[in-house]
Amino acid sequence: MVKRDITRLAVYYIEKEMETVPFENLCDLYLYKTSEIIYIVKDKKLYGIVGMREVLHAGEDGEVQINKNFKKLVGYNIIKAHEIFRNWSRIHKIPVVNEQGELLAEYSRWDDILYIERNSNEKIAATTIKGFLESYDKVYVIKPSWEVPAIYNRMKKHLRDAQVEFAVLDKQQIGEKLLQNVVCIFMSEDEKRGIQCLNKIEPRIYDDRGRDIRMQDKLADERWIGRMTTYKNLLIQWIEAEQLKNLNIDRAVRSAYIEINQKATILLRELQKKGVACFCIYPEESELTKFGKNFCDEVEERLSVHPLNLKEPWIPIDQGTKFYGELALLNDYKEEIVQKETYSASHIFEYKKDIKGKYFNAKDGRRMVCYQPEEYDGTIYFLGPCTVIGVFVEDQYTIESYLQEKLLKKGYHYRVENYGAMCRLDAAIDTRLEQIGKYYKNDIVIYLSTIGEVPDIQSISLEKIFEKYCISGDWVTDSFGHCNHKANQLIADSVLEMIEPCLAKEMPEVSKKEIHININVIMKDFIERKYLCRYFSERYFSWGGGRTTGAIIMNCNPFSRGHHYLIEQARKQVELLIVFVVEEDESLFPFEERFRLVKEGTKDMENVMVVPSGNFILSRNNFREYFSKEEDEVIALNAEYDIGIFADYIAKPLHITYRFAGQEPEDRVTNIYNEAMRKVLPQKEIFFIEFPRTEIEGEIISASRVRKALKDGELEKAWKLVPNTTRKYLEKQIGVE
């Protein structure tokens, strides 16, 4: 988040009350005070705003509606600003006014500089940079409105080092160049979106964190074929492409912005090398088809009238005639007995292990499949989350049960097993594959990925299956993956069609030879190449000879005196202390801000190293409850998994033998996590040490107390709780220069 005072804002002054403003009157502001938001001021008071939505819906006469219904802050309050950005994904700017309503400044969601400064020294091959830009006829670098010479020069150096020819343009020179096959590189998201407003170019849909989902613009007007991007977005793509190359994953650079399920790619690719056929199902196409768009619109329209209940997220029986079909006539459906049993059991079966119910049964933490034969020559394993498990259907109506029945009818001697998992976003693919243990060449693995495509694996999308059978939006609760029994039956048909070329009615003896795959070795190599090699040089892997290394994992939301105290105490116990800052952007303060505060707060500590935690330590995939604070039944499983990943694949190669944490007297989820560390780490030959929390004036220092003091405007109380480095940053954000 960035604070800008009024001298840097785009302000349009009016003398009388107005409902609209001529677009042509705003053009100079877009050029010289480039921003997505223009503030309308009357008699020194903030009267309204003009944003991208108003510009894109301007009348044919060129008049732009003034938006008088917008979020604003009376006085500086960074906590409230962060809360607005967190809760309202389409709000990118928040004006700050005084008690009289006079415009003082703004908070902007976009802060590209922090990311750029942290990552611009990454080693990026010239071929990678050129690969992203060589398909454009021209590359233009756009001069920024505000002085950022170091970053600006660094961007140009990146391009020169890669021998990319480019021209530097002022914003007024862009004009019709966007009608050509060009790419314009901006220094910040603010400036890019301001020029989009000037040219009335609609951006892509943004995700719940305000980021461009595909990092590429989808232009509403087909005349605009030029692409506008930012240095930060290019860095993200370049770094990701380098990671893929390091993992030997081939990917066309122009489509590298599509999220890739890298763990699944690595694991399934190794299985295929051993001779086990692997297939992938994913929810939606990277570009929604016409069918997909109409389908989503249909579901969204229904949900706008009948939204789902978070506690009971199945379609109520009185609204679900089309969803339940003939089943709606059965008494157990009318009384929602089936719905409650299947939904609740699907969220606990991995933890409870064995469940015996009327409609949901599980054994050894896996849902049962109906119609399984006693004798079989091959096994088909299903892995994935809710769709694979069959959250809204009975045992007999899961995809696996339907497929098993169809295989038997067609004379295929295969047994179908449901290894679906709800505990993690990746459906615990590594854990599940390890549980299977041994395979045969006639076995098949089918994985449903919800966190990205899986390159090198034959795939089909649920969207394409739904389109093939013209499946109605009435057959899902809220998305392609949450299906009824009828949709599951058709998905099973498509799966059978996809895998049938690999099926055999008679198995040769050679296909019955056992295949073993060492998941631990693959994961070790994956995490080393994906994460460790990025942040740690060779000397850390060879660190030994009696020298001690410790670790602390911290969120620091924001960095407080309590965090500073814990680091000071821990570093006295070891020769090197590695502070892993939680990288997941699920906290009030964004990761880049939290990371900067920890770096600044520890820069005088010689034996302290600060690194991002990556996707392998306290991530949403590993331990989602850390962010949601939900105390469901699988919390202990996920806590132990996260700690195990750290111990086996990060602590071991880095020779970390101590892990430190602060005692947690208030947060139950953190308490459960600490208990799991106390149980697991000694088994991994890692000492676990908890320090008592430090206090000021009889009160425990915590980040939550810092946030509360800031939100309540109790600045002196907040300053007592944070080190000077954090205080200086916060003072700048609240206008105390």
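Because the structure is predicted, anything quoted here is derived from the model rather than measured.

Calculation notes
Residues numbered from 1 in each chain as written. Predicted model: local features only at pLDDT ≥ 70, side-chain atom pairs only at ≥ 80, totals over all residues. Heavy atoms only, no water. Helix = DSSP H or I, 4+ residues; strand = E, 2+ residues; numbered from the N terminus. Buried < 20%, exposed > 50% of the residue type's maximum accessible area, 1.4 Å probe, protein only. Core = buried A, V, L, I, M, F, W, Y, C linked by side-chain atoms within 4.5 Å. Contact = heavy atoms within 4.5 Å. Axes fitted to C-alpha atoms, helices over the stretch in contact; angles between N-to-C directions. Parallel < 35°, antiparallel > 145°, perpendicular 65-115°, else oblique. Left-handed = near helix turned anticlockwise from the far one by under 90°. Nonpolar A, V, L, I, M, F, W, Y, C, P; charged D, E, K, R; others polar. Salt bridge = Lys/Arg side-chain N within 4 Å of Asp/Glu carboxyl O. Pairing = 2+ DSSP bridges. Phe/Tyr/Trp six-rings, centres within 6.5 Å; stacked < 30°, edge-to-face > 60°.

Caption draft 1: Spatial organisation of the environment of glutamate 189. Position of glutamate 189 among the secondary structure elements: in helix α7 (residues 189-198). On the basis of relative accessibility, which here comes to 5%, the residue glutamate 189 falls in the buried class.

Caption draft 2: Quick look at the nonpolar core. Within the largest apolar cluster, 74 residues are counted, with the highest numbers of intra-cluster contacts made by Tyr531, Phe536 and Phe580. Among the elements that line this core, the one with the most residues is helix α25 (residues 635-651), at ten residues. Setting aside residues up to four positions removed in sequence, phenylalanine 536 forms contacts with Tyr531, Phe541, Ile578, Phe580, Met609, Val611 and Leu654. In terms of nonpolar packing, the next biggest core, distinct from the first, is built from 58 residues, Val299, Phe360, Ile499 and Met507 among them.

Caption draft 3: Quick peek at the packing of α25 against helix α26 (residues 668-680). Running from amino to carboxyl end, α25 crosses α26 at an angle of 55°, the nearest separation of the two axes being 9 Å. Relative to α26, α25 is oriented oblique. Between α25 and α26 lies a crossing whose hand is right-handed. Across from Ile635, Ala639, Glu640, Asp642 and Ile643 in α25, the residues of α26 making contact are Val669, Ile672, Tyr673, Ala676, Met677, Lys679 and Val680. Looking at the contact of α25 with α26 residue by residue, the classes come out as nine nonpolar, no polar and three charged.

Caption draft 4: Inspection of the pattern of salt bridges at higher detail. A full pass over the atoms with the stated rule returns 50 salt bridges. Residue aspartate 170 pairs with lysine 143 through a salt bridge whose shortest N-O separation is 3.6 Å. Taken as a pair, aspartate 170 in the loop between β11 (167-169) and β12 (182-186) and lysine 143 in the loop between β10 (138-142) and α6 (149-161) lie far apart in primary sequence, 27 residues in all. The exposure class of aspartate 170 is partly exposed, given its relative accessible area of 27%. Looking at lysine 143, the relative accessible area reads 39%, which means it is partly exposed. Among the salt bridges present, the one from glutamate 417 reaches arginine 415, with a minimum N-O distance of 2.9 Å.

Caption draft 5: Local environment of the sheet that holds strand β20 (residues 444-448). An order of β18-β17-β20-β14-β21 is seen for the five strands of this open sheet, with the pairing classed as parallel. On the outer flanks of this sheet lie β18 (414-418) and β21 (458-461), each paired with one strand and no other. Each neighbouring strand pair of the sheet contributes to a mean axis angle of 20°, computed without reference to strand direction. Sheet topology places strand β14 (residues 277-282) next to β20; five bridges connect them, and they run parallel.

Caption draft 6: Representation of the packing of aromatic side chains within the structure. Tallied over the entire structure, the rule returns 25 aromatic pairs. A centroid spacing of 4.9 Å and a plane angle of 85° characterise the contact between phenylalanine 323 and tyrosine 324, whose relative ring orientation is edge-to-face. Centre to centre, the rings of phenylalanine 660 and phenylalanine 691 are 5.8 Å apart; their planes meet at 20°, and the pair counts as stacked. In this pair, phenylalanine 660 is assigned in strand β26 (residues 656-662) and phenylalanine 691 in strand β27 (residues 687-691), connecting sequence segments 31 residues apart. Given the relative accessible area of 2%, phenylalanine 660 is considered buried.

Caption draft 7: The sheet that holds β11, seen in detail. Taken in spatial order, the four strands make up an open sheet running β11-β10-β12-β13, and their pairing is parallel. Strand pairing shows two members of the sheet lacking a second neighbour, β11 and β13 (227-230), which therefore form its edges. Geometrically, the sheet is characterised by an average inter-axis angle of 30° between neighbouring strands, direction not taken into account. Here β10 pairs with β12 via four bridges, running parallel. What sits directly across from valine 141, in β12, is isoleucine 185. Sitting on the sheet, helix α8 (residues 231-246) touches β12 and β13, and the angle it makes with β13 is about 80°.

Caption draft 8: Inspection of the environment of leucine 235 at higher detail. The residue leucine 235 is located in helix α8 in this model. Apart from residues lying up to four places away in sequence, leucine 235 is in contact with Tyr115, Ile116, Asn119, Ser120, Ile124 and His158.

Caption draft 9: Looking closely at the pairing of strand β9 (residues 103-108). Counting buried positions over the six residues of β9 gives five, a clear majority of the element. Bridge analysis of strand β1 (residues 2-5) against β9 gives four bridges, and the strand direction is antiparallel. Paired with valine 2 across the two strands is serine 108, which belongs to β9. As judged from the five bridges shared by strand β8 (residues 93-97) and β9, these two strands associate in the antiparallel manner. Within β9, the residue paired with lysine 93 across the bridge is serine 108. Here β8 folds back onto β9 in antiparallel fashion, the turn holding five residues, of which glycine 101 has a positive phi close to 85°.

That is the geometry; function is a separate question.
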